[in-house]
Every structure is written in structure tokens, then in C-alpha cells.
There are 2 protein chains.
Amino acid sequence: MPAPSTTALRNLATQLRIDSVRSTSEAGSGHPTTCLSAADIVAALFFAEMRFDPHDPQHPEADRFVLSKGHGAPLLYAAWAAAGAFPREDVMNLRKITSDLEGHPTPRLPFVDVATGSLGQGLCAGVGLALNARRIGSDYRTYVLLGDGESAEGANWEAANVATFHKLDNLCAITDVNGFGQSRATQFDHHVDEFVRRWEAFGWHAIAIDGHDIGAILKALAAARATHGRPTMIVAHTLKGKGVSIFENKDGWHGKPLKKGAETDQAIAELERATVPTSEPAPVIPKPARRQDEGALPDFTTALPAPAYKAGEMVATREAYGAALVALGAIDRRIVALDADVKNSTYSEKFEKAYPDRFYQTFIAEQAMIGTAMGLASRGAIPFPSSFACFLERGSDFIRMAGISMLNVKLAGSHAGVSIGEDGPSQMALEDLAMMRGVPNATVLYPCDGVSTERLMALAASTSGPVYVRITRPKTPVIYTTSDRFVAGGSKTLRQSNDDAVTVVAAGITVFEALRAHEQLQREGIAIRVIDAYSIQPIDQAGLVAAGRATNGCIVTVEDHYAHGGLGDGVAEAVWDQGFVVRRLAVREIPRSGPSEELLDRYGISARAIADAVRALVARTHNQEVVMSPGRHPNS
Amino acid sequence: MPAPSTTALRNLATQLRIDSVRSTSEAGSGHPTTCLSAADIVAALFFAEMRFDPHDPQHPEADRFVLSKGHGAPLLYAAWAAAGAFPREDVMNLRKITSDLEGHPTPRLPFVDVATGSLGQGLCAGVGLALNARRIGSDYRTYVLLGDGESAEGANWEAANVATFHKLDNLCAITDVNGFGQSRATQFDHHVDEFVRRWEAFGWHAIAIDGHDIGAILKALAAARATHGRPTMIVAHTLKGKGVSIFENKDGWHGKPLKKGAETDQAIAELERATVPTSEPAPVIPKPARRQDEGALPDFTTALPAPAYKAGEMVATREAYGAALVALGAIDRRIVALDADVKNSTYSEKFEKAYPDRFYQTFIAEQAMIGTAMGLASRGAIPFPSSFACFLERGSDFIRMAGISMLNVKLAGSHAGVSIGEDGPSQMALEDLAMMRGVPNATVLYPCDGVSTERLMALAASTSGPVYVRITRPKTPVIYTTSDRFVAGGSKTLRQSNDDAVTVVAAGITVFEALRAHEQLQREGIAIRVIDAYSIQPIDQAGLVAAGRATNGCIVTVEDHYAHGGLGDGVAEAVWDQGFVVRRLAVREIPRSGPSEELLDRYGISARAIADAVRALVARTHNQEVVMSPGRHPNS
């Protein structure tokens, strides 16, 4: 099968330009000019370089393409339409609420691996896609198209180092240097040398070309394919709005479609005039050579051996995390782990020791770690990136996009809360539950001991979509046995009696404070119900409502987290229609350095604080008619 | 006054090493090895380079020092003690809950400008400190000490570009290349050339030196001072744990103090042997040449001219934001603005036009934008960094550290929520309220019209500490008049009657949905109270409790945000002890691209959705005894 002529590719680029202009004009919004600067690059990639099957875009060994400059979505859609993935006229549904051709690409479309549109994320995903090829022993290649403006995002330079460290010669990125950002000229305008110098300094093979010269593009792509031991960056000098005189290389046209009618017709006529008649048949896209499927996933919850911890044994959940990771890795080779240079704190080093080929080091670059995990997850791996929980917040925007992408990323955050002690506030995650609960389809798990950690890790591996496992620095006693079962949306009632006056809902480290408060109050003749809400999201609504009704509608929540968006808010919403009182015990000021126990007490989440809150509620209920009596319950 | 001899400086470096070892051994935790690698650099900076007054560390024209590698805190404390800021023996209080000498530096200490300890943030702050010198016309210089490990954080490379763009030759950074990270050797080990190549490529003057050669350090610092038009990076080859044979240049010693007793004594004895006897007097630190104070701040809330908007006029709050920013800038020159290339969407371009010398462009680098604002705020400026609200999440970890630093940063996030329409989920902030409410001392404001935007912007400028202003893309009608007053912790009751069955709490764009729902329900004979909760944090607790009590304990909240950590959770906690029912209307799935109005309705936060929720609550209250009757109110 002969490669298409440059004439044929130029005509295809023109078709992509026409469709980008038509679809954005029809939608009345979008970014035609950013599509036109990259049309020649995309035409060359799709019709003369990449191996893929338009009717099976998720073929495990197909070359990957990530449009990091996600606002170029109309160009991406036009390319897949031209390749035959869907009828060309469908591009006219761009941005309609009834269409998956959204303003920026999301994996609602079968040919999109990761959602883009938050700039500067695509290359991190590309690193993950390239590492995945190595993981499955495939020779597929990964291509990432970046804008020059988004190159200012630091995440690109994190990815640059990681790709160099892993010698990813199966990764090729292209920077579309059209010289214009959204609101002004970019920092480097059309000075492609500024980009070449930076990428070379970061260890990449860098090539500067004219991004509108099809021959030059093909030559650079071939040079990238021939490069061994390092990734390639093609720096392409282009013109924003190329081919349409109304806005070609003009500022002030970012994110502005042409008016329907005369303006659009003139632009399309101009573009059509650029088409060179040819009798050449449409190019045939080469399919991947072979197909190797990884098969169905096992049920990790049944496959994981029973935890070996003994009751009362002191073990930090972060240690149990490392052990569970190794056990999961033994069950299926799709389990992989990533680290940002804290593997000896999170104990992910145990996994590195057992499976060095499935352990990816990004050094101190959390955005790259999470972005790489996103790429891996999009190709069937089950990645567990872990760090101090507070440093995962460095990748907050990546986590947001992983949620939009509905990716199977399993984040683990250790050293959560003030319980870490002397290292001080900069090392204490007190917002991580809010961050992860803010991902609509995320499961948030929070084990308190070794047994629940192993069980919840298996649950995390078996649960599709983003999962967060919150783990703790200090050692805690094992309270569960191998017969205990843990499910998403479940909880454990650790203490209960018929006389319980208040329900105390705890999770993780505060479970042990709640148990201590139970003992203390028992000596005073006050009985409380103690619940371990190990599943923060989804939360055990039925269990919480039942417990609240059994305890005068009085609930106290206690969490080693700020009061916003964590356990307390989750419990309160679960019982919203019950007329309960829900007292939230949480950290409410910037904490200090100090001993763990002292900090838990100083910030009001200790056994003492719980007991005080319970006494206050009990006193209140005694001084008046109970807050809630079954007789007058709204739903009864 | 003669400069101290290299012998005197070496002895001072030894003293800093001794104090770093003593204090961490006493604390039983901390990072002595990272202190020892940088001791010579810090001794040279503090006692032969910087101009400052140890007794007035906040002198407006004193040179600045940022310890980006915050785990080197004991070294920083030892240096300030040696300079005379506090008694040397106080370093033995390191990490005690009673001391401000925390595990990582925070501005609880008068000589710390920004909290560090989340690695890779110090250089961004340094850019802000250097820009501030230009702002006040001072020749003070800014020094930032980075670790080699943290150089992997992308934020450093964002700062590198911003510093080059602004030609910050008053900024000098030093990278302490000791070759070891926390869990392993760094990516580049001791290859200083890898760093030199990168910094030169980013436009910096880079110098490689032996970081233990005092003469070489002084020479490099002099070369930095003599460099014009670009910042300087000194790349220092060092040994982790330098001077103590137990751990000098050995892996596995990160974050581990020596054992008290024999081990520590041996180390200190070794270090003391390195001291060279000299009769030279202690060096005198040169004070800043002049002192120029900016004076007390005006009350922006009274100084701001009355808003000129007419009732019913259609104006987007983001347009009003730009106008208010200009008005504030006219009142005091400490008002500055920062942009990450969306100034034409946030309308901060209005400020750039009026005050180009107080407008700082970082291009598409939100971490650098927020970090730069942190540096500026620490020196008396009142920075307003703004972007799309969702892209501020890129700087989530910087915002966390700004909170720990209690800095006067005024963030504004535009294009919040699904109301932006066709651009799709990647551009919609639905977690930003949770992120900002998670900063304990942050004020969170959410105007719904032009008048409230101007008033709340003045409130933001006059409120100390972090403030967030959430603004909206679509135009909304002006509903407030110049006589309306807005205060932190306030709210506005827009509709009320004696027969109100339910209280509807809205903010921003949803205020208008609530008003439409009011009309709709009125036609059905159902009266509702409508509250504009423009102050999300602090929230109007008294007002909400009163409204709830007046409306059968039934509250409906409606927000263009996910259900976690936003308005609904804030309202629910404010009324936690009332036994109310609080129905939260919020976005609960990943939204799609589509028309704004259709999205508000599809995701359940439209007038129709509010009316449905109200009808359901009314039906319930009619079917049974009211949920809340004043007679049995807990607090009554």
C-alpha cells in the first residue's frame, strides 16, 4: 500500500480545516484558529504515520494520539471523521447537548483516552501511554500535540524529566508554535529556538520545522521513529488560523468562530481553492500488526489472601498499604504502582522490590505521577499512585480531569491529618477528603487498621473508576478479623447497646479516639454507639439513619480533617431529611508542630473532645423533649 | 566594616551545623543531613552577602531569603539565632508545641515570609518578592535556596520562565545539589551540568560551584549581583550530611536525626574539631540603606465610589470584577493584579490598561501566578490573581500553603459552574468553593450582580488574609442598589412573607433561579423565603437559623457547584443544632457541553428543580406534624 502523496495529505488537511470552520460556525462557539494552525500536523499523523483502526479506536496495540491543546477538539473530530470513525456530517453536532462531540474532548468518545482542556496535562498522560506499551510489550507509539501557550505549565517539564528518565523513545510530542495565546502573544512568540533549547536541555531529541510543510512534518516523524533512548519533540512553526485570510496570524481571534453565512462561506471558499484535484485514492490507514488482549479482570476481593494480622497487633495502615499492594500485584500484572520519591514513607517500596518492572518513579513531581497514572489507566492498567496525602493536592487539577475521564486511577494518600505530629501543617493533609469527594464518581475509602486496609485495597482494585484510599502515619491496633467484610457504602458498628444516647461516627485514626471516649463515658453511665465509616463515599446512608433514630437523633462526627467537605458533611447530607442534630468535630484552625496525641486533643478531635460533645448533647436532650421521637418522624 | 574572613564564615557554617544536629537530636525528629549540605551557603548569605536587620526582619527594604527546601528549617533557625534574632539556645525548642520553631518554617516566625515544606514552591514566592522590590522602587535582593530533589516540581520551571520574562536580575537562587532525595538518589545525582543546562535554556545566568567552598560561593553571589537583565541560578555541588562521618554523603539518612547521647556527641565533637580559632570579631550584618514605609491601608469599603449600575442592567460579575479592580487600584497603589493569559475573559485586562506597572503576566502557569502573589502579599502588596476558577485548582497546593502562611492573597475565579455552557466540563469549576472553604482563615465571597461585585471586591481588599471571590460568565441583571451594604458573614433576604413555607438559599447565578422559582410557586399559592448567601464563608448563621425557624425548619440550598464542601454543606453546618431538614440542590454528575440554561436544568439547579424540591418539602410538612415547632426548639 503506497503512502499518500503530499498533495493528498494537503487536501486532507484542507478538509480538516473546512470541517473545523464549518462546525464551530454552526455551534456559534469554539476555537477554529487553533485547529487551523495544527491541521497539517494532524493530517500527516492520521493519514501517513499512525497505525490504528478507526472502527476499533481502543485496539490495545493501536498508536495513541493525545490532543493536549484540547480546545482544538473540532480538528480532532474532523480527523476521526475523515478516518471513517463516524459520518463526516456529524461534526456539525459539535457542542450540542445531544452529542458527545463536546467543546473539549472527553472519553465519552471511544477515541479519546483522557479528557483534555485543562492545558498542560496531555504530555503527562502521554508518558503513561508510552510506559503502558512497554508494560504490555507492544511497539505502539504515542503522539501528543501541545500548544505553545500551554508549554508554560510546569507539568510539561515534570513529564519531560520523567520521559527522559524512562528513555521513552516510543513517545513523540509536537508543539504547535502559532505564537498566540488566548489574550496576547505567547512569551516566545514564533521563536521556535526557545522551545528547542528547553527540550534539548531536558534530554529530548528536538527538531524545529515549518508546521505547514507536509514533507518536513513526515521527515521529522520518521526521525522521531528512528531515535533510540530518548523521546522526541517536534517544534512546529505555524500560523494561527492558517488558510483563512480573515484571521490568519491575527491576534484577538482566540476562541472566536466565524459568523455563519457570508463570513464562513468566504473562509470555506478560500480553503476549497487550496484543494488540488487528484485522482489518487483515499489513503488506507495501516492497522496494528497484532492484537494481544489482557483478558477479564479477576475479583480482587475474593482473590486476595486473608489478612494475617492478629487482633491487637500494632501496624500503621501505610505499612498495610504496601503489603496489600504487593499481594494485589501477585494476583494480576495490570496492578502497577507509581511514586514521587516517598516510597519509604508510603511503603510502596515493597511493591518496587517485588515488581520493579511495574513500579514507576517520577521523583518529586506529583502532577506527572498522577497524569502518568491517567495514561496507564486509560490502557487497562490499574495504577496506584501514592504520596503524602497533602502532596496529592499538587495534582488537584489532574484529579479533577481524571474524574471527568472516569479513569481507573487508585490514589493513596498517607500521613493524613494532624496525627503525623511534629513535621507541622505543611505536611498534614486536611483537605484531601473534600478534594476526592468532589469527584462525583470517586469512591473514597479510609481504613483504620491493618485488616481493613488490606480488604479496602482489594475493594479499590475491584471498583471501577477513581478510588481514593486515605492512610495514616502512626501505628494503630488491629481491631478487625479475617471474617469481617468491607463493601463500598458500608460501615462497621463497633459499639452499641439499647441505651445509646448518641451515635459517634469516626474513621481512620479517630476510630480509636471514639473507642476511648466510649470507655470513658461508660464509666459515667453514658452509652454511645460507635460507627467506623470506612467508606466515606459512598457512605452508609441507611446505617447512619438507623443509628441516628436509635440515639435520639443525635450524631457526633469526628475526623482528622478540616470541617469542610469531609466525613461530617458526608454524614450530615446522608441524614439530611431526618431532622437530626449532627455535631461535627474537625480541625478548624491551622495546626502546629507537636506530638500526635497532643495535636489530636488541641484541635478538638480526641477522646476527650468526643466525650465533651456527647455530654453536651445528652444534657440538652435531658433538659427538654427529645430532638427526635419515632412517633413524629417525618418518614414514619 | 571589613567583610568577614572565609575562616570566620567557615566557623559560622560549623556553628550552624552543630545547632542543626543538636536541635534535631533533642527533638528526636527532623532533617539534619539536608541542613548540613547547605550550611556553607547559608553562612555566606547571612553573614557576608545579605543586608538585613535581625531585630527587624520585616524591614521593607531588607534583602529576602526563602528556604524553599523547608525541611532544612533547623539550619534557617540556627542562622537567625546566629544573626542575633533570638538566643542561640532557643533552637533546642525545635518542633515543640510551645515553640514557633516548627518542623517546617511558617510566618508565625517574623523572619519567614511564606511557609515552605511543600517542595517546589519557594521560587514562585521569590519571583513575587523580587517583583515587589520593583514595585516599591527598592534595591533589595531576593535569595531562594532550593533542593535538587524539589527541582523536579514543575512550578520551578513556571517560575523560571516568569522570572526571565520580567528580567528579574534582583533574584538569585541557589540549588543545593546533594544528590539524595528522600527515598533514593535524585534523578541527576551530582551531575550539576544537568541543572546548569536546564536553567540556561530557560534564560537564566547559571553558575556551577563547589557548595562547600566559601570563596566560590562568595564569588558566585558577587557575579549574580553584577548580572543585569536576567536572574541567576547558582548550582552548588554539596554532600548531604557534610561534616559528620556517620551520615556524610550516605543514602538512607533523609529525615533521620542522630540518637541523643554518644551518636550526637561524636558528631558534634567532629564538627567542633573543624573550627579554626580566630581572634576576628563576629561579623556585623549591614542594615538596609534606607527605610520607606507605605503607611496604613485605607478602608476600601468606604473609599470605593458608589457603583454606577442601574437596576435591571445586564452585566456579568466578571465584567464588574474588572471594573472594581480598576477602582480599587485608583485608591491605593498596593493593589496589584496577576493573570495567567485569560485577562480578556476575567476582564483583569481593564486593570492592565489602567496600571500596566502593577499588572503581572505569568502566561499559562497558575502555580507561578499564585506563588508570585504569595510573595507580593508577604511584602505588603494586595495581589488579585485571577483565572477561570477551575484553573485556580492547578494551584490548589499553593493555596493550601497561602492559607498556612495567612497571606493577604485575593483570588478571583471566573467561569464558575455549569452556567459557562458549551465549553464543557474541563472548563467548569465545581470544586472551587470546597477548595477555598478548606482554607480555615479564608473569606469566600460570591456576588450575583454588578453592585454586589463592586461592594464585595472592596470588602475583599479590606479583609486581611486569603479571600476568594467567585464570579460568573453569563450576564445577570443588577438587583441591588447603592444603598445596599455587604459584610463578611452577611446575607440578603430577597423575598419573604409571614407565610413562607420553605427557605431557599442561593448564591451567584442560582439567585436568579431562586427568584424565578419564587414567582412560579407564588402562582401556586406557595410562599418561599429567598436568601442570597453572598458570604459563603463566614456564613450568616444567625440569619439562616432565623429563616429556618420561620419556615418550618425547611431549607433548600441551590448552588452551581458539586454537592461537596460548598454552599449546601456550609448552610447545613450553620444550622446543625436546629433539627432542620436541609435539602441540597447541586451538580451531582460530570456535566456535558450545552446551552447554559439547559445545563442548569439538566443538573437540577434551575428554577424548576427548586420549585420541585419546595413542593416535596411542603407536601411532607402537610402530611405530618411540622418538623420544627418553636415550642420544642432545643435552644428555646
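As the structure is a prediction and not an experimental result, all values here were calculated from the model.

*Asks:* Which residues make up the pattern of salt bridges, and what values do they have?
*Replies:* In total, this model carries 76 salt bridges over all chains according to the counting rule given. Notably, a salt bridge pairs R592 of chain B with D100 of chain A, separated by 2.5 Å at the nearest N-O pair. Of this pair, R592 of chain B sits in the loop between strand 19 (581-587) and helix 21 (596-602) while D100 of chain A is found in the loop between helix 3 (73-83) and helix 4 (122-136), placing the two residues in two different chains. For R592 of chain B, a relative accessible area of 12% translates into the label buried. What makes D100 of chain A partly exposed here is its relative accessible area of 30%.

*Asks:* Could you give me a rundown of the interface of chain A and chain B, with the residues and numbers involved?
*Replies:* Facing 111 residues of chain A, the contacting portion of chain B comprises 111 residues. With both chains or domains summed, chain A and chain B bury close to 9,400 Å², and 49% of this area falls on carbon and sulfur atoms. When the buried area of chain A at its contact with chain B is split by residue, I97, R394 and W576 of chain A rank highest and sum to 9% of it. Run the count over chain A and chain B and you get 12 salt bridges. With a closest N to O distance of 3.7 Å, R400 of chain B and E393 of chain A form a salt bridge. Viewed at the interface, chain B and chain A are joined by 64 residue pairs in polar contact (both at pLDDT 80 or more). For the side of chain A that touches chain B, the element with the most residues is helix 15 (residues 396-404) of chain A, which contributes seven residues. Taken together, the residues of the side of chain A that touches chain B sort by class into 37 nonpolar, 37 polar and 37 charged.

*Asks:* Which residues make up the pairing of strand 10 (residues 410-414) of chain A, and what are the values?
*Replies:* All names here are of chain A. Most of strand 10 sits inside the fold, with five of its five residues counted as buried. Burial along strand 10 is two-sided: K410, A412 and S414 facing one way and L411 and G413 facing the other are all buried. Sheet topology places strand 10 next to strand 12 (residues 467-470); four bridges connect them, and they run parallel. Following the sheet pairing, A412 is matched in strand 12 by V469.

*Asks:* Describe the packing of helix 1 (residues 6-27) of chain A against helix 8 (residues 262-273) of chain A, naming the residues involved and giving the relevant values.
*Replies:* All names here are of chain A. Put simply, helix 1 and helix 8 touch, their axes get as near as 9 Å, and they point 175 degrees apart. One way to sum up the angle between helix 1 and helix 8 is to call them roughly antiparallel. From helix 1, T14, R17, I18, V21, R22 and S25 reach across to helix 8, where they touch T264, A267, I268, L271 and E272. Tallied by class, the residues present in the contact of helix 1 with helix 8 amount to five nonpolar, three polar and three charged.

*Asks:* I'd like to hear about empty space enclosed by the protein, residue by residue, with values.
*Replies:* The probe, sized like a water molecule, is rolled over the atoms to show the empty space still left. Scanning the model with the defined rule gives 15 cavities of 30 Å³ or more in all. For the largest cavity, the lining is made up of 26 residues, of which S396 and M435 of chain A together with S396, E431 and M435 of chain B are closest to its centre. At the level of secondary structure, the elements contributing two or more residues to the lining of the largest cavity comprise helix 15 and helix 16 (432-437) of chain A together with helix 15 (396-404) and helix 16 (432-437) of chain B. Among the elements that line the lining of the largest cavity, the one with the most residues is helix 15 of chain A, at five residues. Its residues assigned to classes, the lining of the largest cavity shows 15 nonpolar, five polar and six charged.

*Asks:* Quick one: what's the story with the packing of aromatic side chains, residue by residue and with numbers?
*Replies:* Residues and elements named next belong to chain A. Tallied over the full model, the rule gives 39 aromatic pairs over all chains. With 5.6 Å between their ring centres and 85 degrees between their planes, F188 and F195 make a pair best called edge-to-face. Accessibility classification places F188 together with F195 in one group, the buried group. Through successive ring pairs, a cluster of aromatic residues spans F46, F47, F52, F65, Y77, W80, F86 and F111. Between K492 and the ring centre of F486, over which it is positioned, the NZ or CZ distance is 4.9 Å.

*Asks:* Please set out the environment of V114 of chain B residue by residue, giving values where relevant.
*Replies:* All names here are of chain B. Structurally, the position occupied by V114 is in the loop between helix 3 (73-83) and helix 4 (122-136). According to the relative accessible area criterion, V114 is buried, its value standing at 5%. When neighbours within four sequence positions are excluded, V114 is seen to be in contact with V66, P107, A125, M374, S378, S405 and L407.

*Asks:* Explain the state of the cysteines to me, using residue names and the numbers behind them.
*Replies:* One pass over the full model with this rule turns up zero disulfides over all chains. This cysteine, C124 of chain B, is not joined by any disulfide, and C124 of chain A carries the nearest cysteine sulfur, 16 Å off.

*Asks:* With reference to specific residues and values, describe the environment of G525 of chain A.
*Replies:* Inspection of the secondary structure puts G525 of chain A in the loop between helix 18 (510-523) and strand 16 (528-532). Along the backbone, G525 of chain A and Q15 of chain A are 510 residues apart, and their C-alpha atoms lie at a distance of 80 Å.

*Asks:* Help me get a handle on helix 4 of chain B, residues and values and all.
*Replies:* Residues and elements named next belong to chain B. With 15 residues, helix 4 extends 21 Å between its outermost C-alpha atoms, agreeing within 8% with the 21 Å of an ideal straight helix rising 1.5 Å per residue. For helix 4, a buried count of 14 out of 15 residues is recorded, marking the element as mostly surrounded by other parts of the structure. Of the residues flanking the end of helix 4, it is G137, one or two places downstream, whose phi is positive at about 65 degrees.

*Asks:* Lay out the relation of the copies chain A and chain B in plain terms, naming residues and giving numbers.
*Replies:* Screw-axis analysis of chain A against chain B gives a translation of 0.0 Å along the axis, an RMSD of 0.0 Å, and a rotation angle of 180 degrees. Expressed as an axis order, the relation between the two copies is that of a two-fold axis. Of the residues that chain A buries at the interface, 100% are likewise interface residues in chain B, meaning the two copies contact each other through the same surface.

*Asks:* Go over the sheet that holds strand 7 (residues 335-339) of chain A, please, and point to the residues and values.
*Replies:* All names here are of chain A. Spatial strand order, 8-7-9-10-12-11-17: seven strands in an open sheet with mixed pairing. Bordering the open sheet on either side are strand 8 (359-361) and strand 17 (535-537), each of which pairs with just one other strand. Adjacent strand axes in the sheet meet at a mean angle of 20 degrees, parallel and antiparallel pairs treated alike. Its contacts with the sheet place helix 17 (residues 450-462) against strand 7, strand 9 (382-388), strand 10, strand 11 (443-445) and strand 12, and it is angled at close to 130 degrees to strand 9.

*Asks:* I'd love a proper account of unusual backbone geometry, names of residues and values included.
*Replies:* Residues Q537 of chain A and P538 of chain A are joined by a peptide bond in cis, for which omega reads -5 degrees. Unusually for a residue other than glycine, N249 of chain A sits at a positive phi of about 55 degrees. In the Ramachandran plot, D341 of chain B falls in the positive-phi region, its phi being about 60 degrees despite a non-glycine side chain. On the accessibility criterion, D341 of chain B (4% relative accessible area) is buried.

Definitions and limits used
Residues numbered from 1 in each chain as written. Chains lettered and ligands numbered in written order. Predicted model: local features only at pLDDT ≥ 70, side-chain atom pairs only at ≥ 80, totals over all residues. Heavy atoms only, no water. Salt bridge = Lys/Arg side-chain N within 4 Å of Asp/Glu carboxyl O. Helix = DSSP H or I, 4+ residues; strand = E, 2+ residues; numbered from the N terminus. Buried < 20%, exposed > 50% of the residue type's maximum accessible area, 1.4 Å probe, protein only. Contact = heavy atoms within 4.5 Å. Buried area = accessible area lost by both parts, 1.4 Å probe. Polar contact = N/O pair within 3.5 Å; in protein donor to acceptor, adjacent residues only side chain to side chain. Nonpolar A, V, L, I, M, F, W, Y, C, P; charged D, E, K, R; others polar. Pairing = 2+ DSSP bridges. Axes fitted to C-alpha atoms, helices over the stretch in contact; angles between N-to-C directions. Parallel < 35°, antiparallel > 145°, perpendicular 65-115°, else oblique. 1 Å grid on protein atoms, 1.4 Å probe; cavity = no way out; pocket = protein on both sides within 12 Å on 5 of 7 lines; lining within 4 Å. Points joined across faces, edges and corners; volume = space filled by probe spheres on them. Phe/Tyr/Trp six-rings, centres within 6.5 Å; stacked < 30°, edge-to-face > 60°. Lys NZ or Arg CZ within 6 Å of the ring centre and 35° of its normal. Disulfide = S-S within 2.5 Å. Expected span 1.5 Å × (residues − 1). Least-squares fit on C-alpha atoms with pLDDT ≥ 70 in both.

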